[in-house]
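Commentary on secondary and tertiary structure
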Amino acid sequence: MQLSKTLITTLHRLMAGESVAASSLRKDIAETLLAEGLLTVQTHGSRRTYCAISTSALKVFLESHYEELRGFENSEVLIEKAGLTRSEQAAETGNSKLVKVRSCPGFPVNAYEPIVCSLHGRELIVNPIEGSFIFITDWENFIVPRDVIVVGIENMENFRMIHHQRKFFESEIGSQRLLFVSRYPQSTDLRSWLQNIPNRYIHFGDFDLAGIHIFLTEFHKYLGDRSSYLIPSDIEQRLKHGSSTRYNAQYAKFHTLQGENCLQALIDLINKYRRCYDQEGYIPMKNENKLQ
């Protein structure tokens, strides 16, 4: 998408180390830069401003994604080093932190049954033993079979303990093969990978307004109809015993939240009972009949 002259000016100001009003930065770009850890948010009463955490790292990222921004001069750093890895920076300058570089891009994956995938054209069997998972760094060359459903799990405890939730996933999703992914550490890598594959995506998050907002703005917006929210068959019963405190804390910000079809039905249930329910409640405990 082409950048407007006004937006280019705003981004130039950020690269120069200035603060800009949050309203002056296009929402999708702001979300991406925040997810990449390139911006910090400052609050001044009801006003919010953005400021670059590292002007050099911000410049490198923006110039690599937007041709209109290339050629902007910044005398604060040696930009010619920007394309180097940390090891290359250290070897050439003795300072691996000359320019901010993400040392560990990618995302973790997990499965409770073997799934034959491909990495760099070579076979990779995703089958971690219980208590472990695999981290995919070179995600751009990671390919999974088309019939595998990718399940994104928001909470790391649920992600680590998928073996304990196998019956739950099989009862709610069916007997299809599932590859579980997590977006931690937070970045846009997982979303970018999902955009580049044809697989169906199911989002498993907390059953609250904030969790639904994350799905709508960070996944459904980019994946469209091949993405959906995991809504358990017993969620209404569980919401009756959920947290009213967190619902009240979220209501002011998300009370206008809307979805489609089943997702709207979930939003209506949350608003009906004025309660939220955490996904950790679906990790079986000793007394599985007791609501968490």
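Reading the values: rules and limits
- Residues numbered from 1 in each chain as written.
- Predicted model: local features only at pLDDT ≥ 70, side-chain atom pairs only at ≥ 80, totals over all residues.
- Heavy atoms only, no water.
- Buried < 20%, exposed > 50% of the residue type's maximum accessible area, 1.4 Å probe, protein only.
- Helix = DSSP H or I, 4+ residues; strand = E, 2+ residues; numbered from the N terminus.
- Contact = heavy atoms within 4.5 Å.
- Polar contact = N/O pair within 3.5 Å; in protein donor to acceptor, adjacent residues only side chain to side chain.
- Pairing = 2+ DSSP bridges.
- Axes fitted to C-alpha atoms, helices over the stretch in contact; angles between N-to-C directions.

**Some points on helix H3 (residues 55-65)**
- Most of H3 sits out of view: eight of its 11 residues are buried.
- All of the buried residues in H3 are Thr55, Ser56, Ala57, Leu58, Lys59, Phe61, Leu62 and Glu63.
- Close packing links the buried residues of H3 with helix H1 (5-15), helix H2 (27-35), strand E2 (39-44) and strand E3 (47-52).
- If you check the start of H3, you find a side-chain oxygen 3.2 Å away from the backbone N of alanine 57, and it comes from serine 54.

**Focus: the sheet that holds E3**
- The strand order E1-E3-E2 describes an open sheet built from three strands, whose pairing is antiparallel. Of all strands in the sheet, those with a lone pairing partner are strand E1 (20-21) and E2, marking the two edges.
- Here E2 pairs with E3 via six bridges, running antiparallel. Along E3, the bridge assignment pairs threonine 43 with arginine 48.

**Quick word on the sheet that holds strand E11 (residues 201-204)**
- One open sheet accounts for six strands, arranged E7-E4-E10-E9-E11-E12; its pairing is mixed. Both edges of this open sheet fall to strand E7 (134-136) and strand E12 (227-229), since each of them pairs with a single strand only. Across the sheet, the mean angle separating the axes of adjacent strands is 30° when strand polarity is ignored.
- Relative to strand E10 (residues 178-181), strand E9 (residues 149-153) runs parallel, the two sharing four bridges. Paired with valine 150 across the bridge in E10 is leucine 179.
- Along the sheet, helix H8 (residues 209-223) contacts E11 and E12; its crossing angle with E12, the most-contacted strand, is approximately 170°.

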